[in-house]
Amino acid sequence: MLASAPSPYARTIAASRRVRWDIEDDVIRGRAFDAHRKFLPDGLSLVGELAFLSPADARFLSQVQGRTYVNLFAVIERYIGAKALDLSRSHALGDQVAVEALVRMTDEELKHQELFRQLEGLMARSMPAGYRLVPEPNVLAQAVLSNGDWSVLALTLCIELFTLAHYRASIAPSEDLCPLWKDVYRFHWTEEAQHAVLDEAEFLREDARTDEAARDRGVTELIGLVSAMDGVLQAQAKEDARYFLENASGCYDAGQQQRIADQVLKAYRWQYIVSGVTEPRFQKVLFSTLGDAQGARIAEALGPLSYAAPAQPDRDPGPVLH
Ligand SMILES: [Fe+2]
Ligand SMILES: [Fe+2]
């Protein structure tokens, strides 16, 4: 008889042990951010679509967005870590391999939050004063976690899959990024790869015990979560456009200022929503659980955001509806 394949939980434990890294010894290594290099690659920041920016201001706008990228990951991972801890508890007297996999994921998300806090400290020292992060991690986590597991796990799968897609498609191939900023997301990617596997296993486990009426409620909650995320992005984009304009070297007229603000919002919608919902694996998993009417509700809700994709994508964005 053939031995059965290791479970997703067992596979992630082995990979997690193999790639485990330390914040200071492996990632930061006494380095600071390089102010002469971009942080977020053009495929995510979309700064290349603002042709009137000088190279120095295009670089600064990528750094502002890169700072928010670090900070929003710290915010988002607060709820993801708390949910992973809850899920480990749900297996506590059952599959001990699943418990270990989810405890490791919790531990890694706690480490990532600490890494992102240290990075914000480094960026605050090297960038002009006046930057402001809008969402507060515990407030956002409480709002997300007030929803049922089906929608929270669908959102988490979306986020952790776009984390991987951003690294593979845009960050890894970019040669002009600050070496520390790029390394952070290389190391982060190596641990997030396991999280996405666990998210999928946990989402499908939750879906298997969800009836049609509950799944309908889950779809409504998921649409609400995306809408709440968009509200956060609108507020942060407005703040970041203000901070950029206060510190940019060029002078921009009112029309250009509005185009900058609109472009930052478009970039954030691409980074945190559209690149996730069009990610092929996410579409395959999510839509495998949905009926036609549920899929249509999600596509209709996402329709107004679908403009937020790069004019020249690093990869072809898939359709909003699978
Ligand atoms: Fe993480
Ligand atoms: Fe993660």
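Each value, and the rule that gives it
Residues numbered from 1 in each chain as written. Chains lettered and ligands numbered in written order. Predicted model: local features only at pLDDT ≥ 70, side-chain atom pairs only at ≥ 80, totals over all residues. Heavy atoms only, no water. Helix = DSSP H or I, 4+ residues; strand = E, 2+ residues; numbered from the N terminus. Rg over C-alpha atoms; globule rule 2.2 N^0.38 Å. Buried < 20%, exposed > 50% of the residue type's maximum accessible area, 1.4 Å probe, protein only. Contact = heavy atoms within 4.5 Å. Lys, Arg positive; Asp, Glu negative; His and termini not counted. Charge placed at Lys NZ, Arg CZ, Asp CG, Glu CD. Core = buried A, V, L, I, M, F, W, Y, C linked by side-chain atoms within 4.5 Å. Donors = N, O, S within 2.8 Å, 3.2 Å for Na, K, Ca; no water. Tetrahedral: all angles 85-135°; square planar, octahedral: opposite > 155°, others 65-115°. Axes fitted to C-alpha atoms, helices over the stretch in contact; angles between N-to-C directions. Parallel < 35°, antiparallel > 145°, perpendicular 65-115°, else oblique. Left-handed = near helix turned anticlockwise from the far one by under 90°. Expected span 1.5 Å × (residues − 1). Bend = angle between axes of the 7 residues up to and from the residue. Polar contact = N/O pair within 3.5 Å; in protein donor to acceptor, adjacent residues only side chain to side chain.

Chemist: Go over the overall build of the protein chain, please, and point to the residues and values.
Modeler: Per the secondary structure count, the protein chain includes 12 helices and zero strands. Of the regular secondary structure in the protein chain, the N- to C-terminal order runs α-α-α-α-α-α-α-α-α-α-α-α. By the compact-globule yardstick of 20 Å for 322 residues, the protein chain fits well, its C-alpha radius of gyration being 20 Å. Here the C-alpha coordinates of the protein chain stretch approximately 70 × 50 × 35 Å along the principal axes. Put simply, the protein chain has 322 residues, and 54% of those count as buried. In the protein chain, of all internal contacts separated by at least 6 residues, the share reaching a separation of at least 24 is 87%. If you average the places of the 34 positive and of the 45 negative side-chain charges in the protein chain, the two averages end up 2 Å apart.

Chemist: Quick one: what's the story with the nonpolar core, residue by residue and with numbers?
Modeler: With 99 residues, the main nonpolar core has L119, W181, Y185 and L286 as its most contacted residues. Of the residues forming this core, the biggest block, 15 residues, is contributed by helix α4 (residues 55–90). Each residue touching Y185, except ones within four places of it in the same chain, is listed here: Y69, V70, F73, F116, Y167 and I171.

Chemist: Describe the coordination of the iron ion (ligand 2), listing the residues and the values that go with them.
Modeler: Looking at the iron ion (ligand 2), one finds its protein donor set to be E109 (OE), E160 (OE), E192 (OE), E192 (OE) and H195 (ND1), positioned 1.8 to 2.5 Å from the metal centre. Read in sequence order, the donor residues coordinating the iron ion (ligand 2) give the pattern E-x50-E-x31-E-x2-H.

Chemist: Give me the coordination of the iron ion (ligand 1): which residues, what numbers.
Modeler: Note on the iron ion (ligand 1): its protein donors are E77 (OE), E77 (OE), E109 (OE), H112 (ND1), H188 (NE2) and E192 (OE). The metal-donor distances range over 2.0 to 2.4 Å. Around the iron ion (ligand 1), the six donor atoms are arranged such that angles at the metal cover 58 to 173°; this shape is classified as irregular. In the primary sequence, the donor residues of the iron ion (ligand 1) line up as E-x31-E-x2-H-x75-H-x3-E.

Chemist: I'd like a description of the packing of α4 against helix α5 (residues 96–126), backed by residues and values.
Modeler: One way to put it is that α4 packs onto α5 with a least axis distance of 8 Å and a crossing angle of 160°. Considering the angle they form, α4 stands roughly antiparallel to α5. By crossing handedness, the relation of α4 to α5 is classed as left-handed.

Chemist: I'd like to hear about helix α10 (residues 254–277), residue by residue, with values.
Modeler: Each full turn of the α-helix corresponds to 3.6 residues, which orients residues three or four apart in the same direction. In a regular helix each residue adds 1.5 Å, so 24 residues correspond to 34 Å; α10 covers 33 Å between its end C-alpha atoms and thus fits that length. Where α10 bends most, the angle comes to about 45°, and this point is W270. Where α10 begins, one side-chain oxygen reaches toward the backbone nitrogen of G255, 3.1 Å away; that side chain belongs to D253.

Don't take any of this as a statement about function, it's just geometry.
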